[in-house]
Amino acid sequence: ASVGYIIPPSIVNWPAHGDVSLGFDYYLAPFVDVDADGNYVPSNGDYPCILGDKAIYVINNDKGDLHDSGTDPIGIEIHSMIYQYTTNDDLNNATFVRVTVINRGTQTLFDYRMSVFADTDLGNYTDDYMGTDSIRNMMFAYNGDAYDEDFAGYPGYGNMPPAIGIKSLDRAIVNAHSYDPSMAVPAQYMNAMLSTGYDFPGNPYTLTGDSEESLGNSLGDRRMFYTISPGILYPWDTYYHDFVILFS
């Protein structure tokens, strides 16, 4: 290392290892093990193994706290790497997410499904629409009129109305729907994930097919989710899912 170099806190505090005395796995966030000793030691040159130019790493385990749904924990652990590239083209407006799902429980999960949920709130969130594009494996939200006003202290986008898409990169989506905030019990969540079809699959730009634009729906707050269906997740199996958030 260079004389006087101070290792940044983001490298020092990288969550590479868990406390095994508390039941955590020893290996958590990925890292480059320069000296191949199996341990994350930044002073020896080890550093985080990230995607893109900048990344955030988040670890969640459903045994960590109470469940809002009231269901029992099953030992699902989710590692999310959220990363971006610094470019001078449209890639600069894309945020990528790699989700690693680990079944740390003892149950085999048959018909395992995973949903990606988004509450997009595009500037003024009271004037939005949503739609889906099953061919592109994408759900999207967009401003429902030509001007995005300020609202409740939040700045709108004015005469440059926004749009956002969330696209599965590695697996076909089996459904995509507008989310009903009144869902409150596990059976409702599961029914939503088991449902079929795609809400508003038409093209709102060309006004072909059924879109919220062509149907003349009331503008409002839009939340949405899509579902993928990998199949069976055995104990200690690991599943990966990549998606990208596109903004314009």
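Residues numbered from 1 in each chain as written. Predicted model: local features only at pLDDT ≥ 70, side-chain atom pairs only at ≥ 80, totals over all residues. Heavy atoms only, no water.

Draft legend 1. Structural detail: the overall build of the chain. Within the chain, the regular secondary structure consists of three helices and 13 strands. The C-alpha extent of the chain, read off along each of the three principal axes, is 60 × 45 × 35 Å. By residue count, 35% of the 248 residues in the chain fall in the buried class. Long-range contacts, defined as pairs at least 24 residues apart, comprise 61% of the intrachain contacts of the chain with a sequence gap of at least 6. If you sum the accessible surface of the chain, you get close to 14,200 Å²; carbon and sulfur atoms cover 55% of it. Taking the average location of the 10 positive side-chain charges in the chain and that of its 33 negative ones, the two points are 6 Å from each other. (Helix = DSSP H or I, 4+ residues; strand = E, 2+ residues; numbered from the N terminus. Buried < 20%, exposed > 50% of the residue type's maximum accessible area, 1.4 Å probe, protein only. Contact = heavy atoms within 4.5 Å. Areas by Shrake-Rupley, 256 points an atom, 1.4 Å probe, with all protein chains shown as cover. Lys, Arg positive; Asp, Glu negative; His and termini not counted. Charge placed at Lys NZ, Arg CZ, Asp CG, Glu CD.)

Draft legend 2. Representation of the side chain of Glu 212 in the model. In this fold, Glu 212 is placed in helix H3 (residues 212-215). A polar contact is formed between the side chain of Glu 212 and the side chain of Arg 222, at a distance of 2.8 Å. In this view, Glu 212 contacts Tyr 129, Met 130, Tyr 142, Phe 200, Asn 217 and Arg 222; residues no more than four positions away in its chain are not counted. (Polar contact = N/O pair within 3.5 Å; in protein donor to acceptor, adjacent residues only side chain to side chain.)

Draft legend 3. Inspection of the environment of Pro 204 at higher detail. Locating Pro 204 in the fold gives a position in the loop between strand S11 (197-198) and H3. Through-space distance from the C-alpha of Pro 204 to that of Tyr 129 is 9.6 Å; in sequence the pair is 75 residues apart.

Draft legend 4. Spotlight on the pattern of salt bridges. Applying the stated criterion to the full structure yields eight salt bridges. We note a salt bridge from Arg 223 to Asp 119, for which the minimum N-O separation is 3.6 Å. Here Arg 223, found in strand S12 (residues 223-233), pairs with Asp 119, found in strand S6 (residues 109-119); they are 104 residues apart in sequence, far enough to count as distant. According to the relative accessible area criterion, Asp 119 is partly exposed, its value standing at 32%. The residue Asp 133 makes a salt bridge to Arg 136 at a minimum N-O spacing of 2.7 Å. What emerges from the salt-bridge pattern is a single network uniting Asp 25, Glu 77 and Arg 104. (Salt bridge = Lys/Arg side-chain N within 4 Å of Asp/Glu carboxyl O.)

Honestly, it's all geometry; don't read function into it.
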